[in-house]
Amino acid sequence: MKLYGGVEAGGTKWVCAVGDGPDGLRELVTFPTTTPDETLGRAAAFFAGHTDLAAVGVGSFGPIDREAGRITTTPKPGWADIDVVAPLARSLQVPVAFDTDVNAAALGEGRWGAAEGLHTFWYITVGTGIGGGLVADGRLVHGVVHPEIGHMRIPHDPARDPFAGVCPFHGDCFEGLASGNAIRARWGSPGEELAADARVWELEAEYLAYGVVNVVCAASPQCVILGGGVMKEPALLPLVRARVRELLAGYVSEPEIVLPALGDRSGVLGAIELACSIATRS
Ligand code: ZN
């Protein structure tokens, strides 16, 4: 039986796994993202212990150049213009598939999770930043680079929320207002310490609902999956659903808005799915 390697290459940690799906994970390791050499070396060493791999998939933090197999203009120190695919392919001698972390998570949820059997859906991660992957008519949308819904502009009422936003490029874009980093900067504490403060989650739901409404209107999805650390606050999802319903106002058909069925494993499982698809192609 063929096994696949998957890497969820995040800005703070890498998750590497070997297997063929959620019920067939043979081994999974997590380690911190340090220097590119050290981090890629640890991933290669993990997979080198498995001689039966057909391919490896990598879902990476970005922005990335998918064709070139590299991370491009990230502000993360030491990681700009770093080749990811070439060193792994060289040391492992198997095909290596490469995409964004959110695109991988979308694939994982589409194959085994909340979007199983659906043809058009968004996977949105609301963590330190905000990113989104779109599967439309059964295919991941890449465009010139990849969707950057975190940088959409959304309504911002400075009378209600005088916070200027945290995006270094745009200030109060979607990510600038609604990411985990924005919550921490606006309220002075990370979201997980603000559970008791209803104002935090009402405002967060307002911004997330604007973002969701925009991507719903743009792509007509069957489902929107909201993942990432910020969504772990249980009060948030029902508030977002209710506000999306109000904003769509009965005109646009309302998709299901759900949490990832694969939990924190959407990304690494999606990377395994990336590996499956490149192994089938080659
Ligand atoms: Zn921005």
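Residues numbered from 1 in each chain as written. Predicted model: local features only at pLDDT ≥ 70, side-chain atom pairs only at ≥ 80, totals over all residues. Heavy atoms only, no water.

J.: Give a description of the domain arrangement of the protein chain that names residues and reports values.
T.: The domain architecture assigned to the protein chain consists of domain 1 (3-101 + 263-281) and domain 2 (114-258). If you look at the interface, domain 1 gives seven residues, while domain 2 gives seven residues. Summing both sides of the interface, domain 1 and domain 2 together bury roughly 520 Å²; the carbon and sulfur share of this comes to 52%. Summed over the shared surface of domain 1 and domain 2, the result is one salt bridge. Asp 264 is the partner of Lys 232 in a salt bridge, and the nearest nitrogen-oxygen pair spans 2.9 Å. Linking domain 1 with domain 2 are four residue pairs in polar contact (both at pLDDT 80 or more). Residue classes in the side of domain 1 that touches domain 2 are distributed as two nonpolar, two polar and three charged. (Domains from an automatic or database assignment. Contact = heavy atoms within 4.5 Å. Buried area = accessible area lost by both parts, 1.4 Å probe. Salt bridge = Lys/Arg side-chain N within 4 Å of Asp/Glu carboxyl O. Polar contact = N/O pair within 3.5 Å; in protein donor to acceptor, adjacent residues only side chain to side chain. Nonpolar A, V, L, I, M, F, W, Y, C, P; charged D, E, K, R; others polar.)

J.: Describe in detail the coordination of the zinc ion, supporting the description with residues and values.
T.: At 2.1 to 2.3 Å from the zinc ion lie its protein donor atoms, namely His 151 (ND1), Cys 167 (SG), His 170 (ND1) and Cys 173 (SG). Because the angles between the four donor atoms bound to the zinc ion fall within 100 to 121°, the donor set is best described as tetrahedral. Donor residues for the zinc ion sit on one chain with the sequence pattern H-x15-C-x2-H-x2-C. With His 151 in the loop between strand S11 (139-140) and helix H4 (174-178) and Cys 173 in the loop between S11 and H4, the pair connects residues that are 22 residues apart, well separated along the chain. (Donors = N, O, S within 2.8 Å, 3.2 Å for Na, K, Ca; no water. Tetrahedral: all angles 85-135°; square planar, octahedral: opposite > 155°, others 65-115°. Helix = DSSP H or I, 4+ residues; strand = E, 2+ residues; numbered from the N terminus.)

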